[in-house]
Amino acid sequence: MTLPPEFHDIAKRINNWGRWGEADEIGTLNLITDEVVRSAAAAIRSGRRIPLAVPLQQDGVQTGVIPGRVNPLHTMIAVNLEIFGPDTVATSDDAVTMGLQAGTHWDGLPHVSHSGRIYNGRPADSVTPHGRAAFSGIDKARHIVSRGVLLDVARARGLDRLPEGHAVTPEDLDAAEALAKTTVRPGDIALVRTGQIQRYLAGEKEAYAFPSPGLSLRTPEWFHARDVAAVANDTLTFEIFPPEIENLWMPVHALDLVEMGMQQGQNWNLEELSQVCAEEGRYTFLLSATPEPFVGGAGSPVAPVAIL
């Protein structure tokens, strides 16, 4: 399906190409300044640490629907090997093969393209099989540490989990922001909870993937207006799936990554964080979520930690 006028209208309103210069490769991560990080550190009160990653395992979130995005295959390549001879110190080593976006991950800016372009107007064919992403590879996101804000949409709506096919709207985000009793600030990282990952945690992998609630076509403008640095959520596809507009696949990806230059994350486990935030009555924290520096990568696994 050709991208409709509605998509192009939104794209024009949120486009950040050239905002940080023609050579920029990190987009909205520019909003995480030293001052933002110093302010984010003030969110730590108890020192309580909440991990947000799902385990990296062969029985992971991937079902085989996305070609090549394989769950981690973890093998031992040495087991108690006395490499320097008998009765010396022995070592065990292991190796892994996996899709970089198989588990809890960040999508890098070159992960998607549209109309032959990636972020900042660079050509989509700058991503090649052997050269990988020539621009905006995930390695360019050298450190992602900022104030995190949990936008617990499910809890704000009085639900444990949003229903299948629920398109998260700006009004939903407003309600979650009101629940959090805070204002999303420039440089913040927003974590949007739908509760959908409960399906995966219960062993319902197919139901976790499809159909799924997720962010709607209207949400990129909400994040752009607040100058959010990055957004992650607890679903496989990030945006509502199947799409709101029939046959318009992954438009939110294109708006966030290509037009805005805003990284987005999927498969984040926000369940424990939701409980802790509700118990403590605060929904802001220091978030450490730096991706693995795969040179030219279109994405990367991440093990985020929220520090309250």
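A quick note: this is a predicted structure, and the numbers were derived from the prediction, not measured.

Regarding its fold elements, the protein chain presents nine helices and 15 strands. For a compact globule of 308 residues, the expected C-alpha radius of gyration is about 19 Å, and the protein chain comes in at 20 Å, within 12% of that figure. On the principal axes, the C-alpha backbone points of the protein chain span a range of 70 × 50 × 40 Å. Considering only residue pairs separated by 6 or more positions, the protein chain has 77% of its internal contacts joining residues 24 or more positions apart. A total accessible area of about 13700 Å² is found for the protein chain, and carbon and sulfur atoms account for 54% of it. Averaging the coordinates of the 25 positive side-chain charges in the protein chain and doing the same for the 38 negative ones gives two points 6 Å apart.

Burial within helix α8 (residues 251-260) is extensive, with 10 of its 10 residues counted as buried. Those residues of α8 that fall on the buried side of the exposure criterion are Pro251, Val252, His253, Ala254, Leu255, Asp256, Leu257, Val258, Glu259 and Met260. As for α8, its buried residues are in contact with α1 (5-14), β4 (105-107), β10 (214-215), α7 (219-226) and β12 (263-266). Positive phi shows up at Gly261, right after α8, with a value of about 70°.

Our focus in this paragraph is helix α4 (residues 170-180). All of the buried residues along α4 are Pro170, Asp172, Leu173, Ala176, Glu177 and Ala180. Considered in projection along α4, the buried side chains sweep an arc of 155° and stay on one side of the axis. Residues of α4 that are buried make contact with β7 (145-152), α3 (153-156), β8 (167-168), β9 (189-193) and α7. In the stretch just after α4, Lys181 is the one whose phi turns positive, near 55°.

Moving on to the pattern of salt bridges. Taken as a whole and assessed by the stated rule, the structure comprises 18 salt bridges. Salt-bridge contacts for Arg199 lead to Glu164; the nearest nitrogen and oxygen are separated by 2.8 Å. In this pair, Arg199 is assigned in helix α5 (residues 197-201) and Glu164 in the loop between α3 and β8, connecting sequence segments 35 residues apart. Under the relative-accessibility criterion, Arg199 is labelled buried at 16%. Residue Asp174 pairs with Arg226 through a salt bridge whose shortest N-O separation is 3.6 Å. Here Arg226 lies in helix α7 and Asp174 lies in helix α4, a separation of 52 residues in the sequence. Three or more residues are tied together by salt bridges with common partners; here these are Asp152, Arg155, Asp160, Arg193 and Glu271.

Nonpolar side chains collect at one region of the surface, where Leu81, Ile83 and Phe84 lie side by side and expose about 360 Å² of accessible area between them. Examined against the element boundaries, Leu81 turns out to sit in strand β2 (residues 73-81).

Cut-offs used in this document
Residues numbered from 1 in each chain as written. Predicted model: local features only at pLDDT ≥ 70, side-chain atom pairs only at ≥ 80, totals over all residues. Heavy atoms only, no water. Helix = DSSP H or I, 4+ residues; strand = E, 2+ residues; numbered from the N terminus. Rg over C-alpha atoms; globule rule 2.2 N^0.38 Å. Contact = heavy atoms within 4.5 Å. Areas by Shrake-Rupley, 256 points an atom, 1.4 Å probe, with all protein chains shown as cover. Lys, Arg positive; Asp, Glu negative; His and termini not counted. Charge placed at Lys NZ, Arg CZ, Asp CG, Glu CD. Buried < 20%, exposed > 50% of the residue type's maximum accessible area, 1.4 Å probe, protein only. Arc of directions from axis to C-beta. Salt bridge = Lys/Arg side-chain N within 4 Å of Asp/Glu carboxyl O. Patch = residues over 30% accessible without salt bridge, like charges linked within 9 Å, V, L, I, M, F, W, Y side chains within 5 Å.

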